[in-house]
Amino acid sequence: MTKYTKEQINNILNLEGWLKTQIDVFNLYAVLTIGVSNNFKEWEVKQKTYSEKPLSITLEDFADCTSKAAVKKQFKKIMAKAVSAAMFPGDKVFDL
């Protein structure tokens, strides 16, 4: 049983999107986009999205968390694992 609810975890992590909206940690997608840029601060129009997949993050992933700091630390681990699994399943990297 987890100590925190989904709402509490979202509030602890406090991920903000456009227009100061809160991003739901349990509804994230990994998107791999490759583009060309002459300026590291801006992307040119020539870019292609190769993959977009939902991340598998559940409340059970935070089951062992007993503090806010533990939730933040666990989120970093979960994100690394979830993004890697979503973007690079098996040997095939891109759907071309």
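The structure presented is a predicted model; accordingly, all values stated were derived computationally and were not measured.

Enquirer: Give a detailed account of unusual backbone geometry, specifying residues and quantitative values.
Expert: For L19, which is not glycine, the phi dihedral falls at a positive 60°. Relative to the helices and strands, L19 is located in the loop between α1 (6–13) and β1 (29–35). Using a relative accessible area of 82% as the deciding quantity, one classes L19 as exposed. Even without a glycine there, the phi angle at K20 is positive, about 60°. Tracing the chain through its elements places K20 in the loop between α1 and β1.

Enquirer: Break down the packing of aromatic side chains for me, with residues and values.
Expert: Each aromatic ring pair is characterised by the separation of its centres together with the angle its planes make. For the structure shown, the criterion picks out one aromatic pair. Judged by centre distance (5.9 Å) and plane angle (75°), the ring pair of F26 and F62 falls under edge-to-face. Remark: F62 occurs in the loop between β2 (47–54) and α2 (68–87) and F26 occurs in the loop between α1 and β1; sequence separation between them is 36 residues. Judged on exposure class, the residue F26 and its partner F62 are both buried. Taking the ring centre of F26 as reference, the NZ or CZ of K6 above it sits at 5.2 Å.

Enquirer: So what about α1? Which residues, and what values?
Expert: Where α1 is concerned, the buried positions are I9, N10, I12 and L13. In an axial view of α1, the angular spread of the buried residues amounts to 160°, which keeps them on one side of the axis. Contacts from the buried residues of α1 go to α2. Phi turns positive, to about 50°, at N14, one or two residues after α1.

What counts, and at which threshold
- Residues numbered from 1 in each chain as written.
- Predicted model: local features only at pLDDT ≥ 70, side-chain atom pairs only at ≥ 80, totals over all residues.
- Heavy atoms only, no water.
- Helix = DSSP H or I, 4+ residues; strand = E, 2+ residues; numbered from the N terminus.
- Buried < 20%, exposed > 50% of the residue type's maximum accessible area, 1.4 Å probe, protein only.
- Phe/Tyr/Trp six-rings, centres within 6.5 Å; stacked < 30°, edge-to-face > 60°.
- Lys NZ or Arg CZ within 6 Å of the ring centre and 35° of its normal.
- Arc of directions from axis to C-beta.
- Contact = heavy atoms within 4.5 Å.

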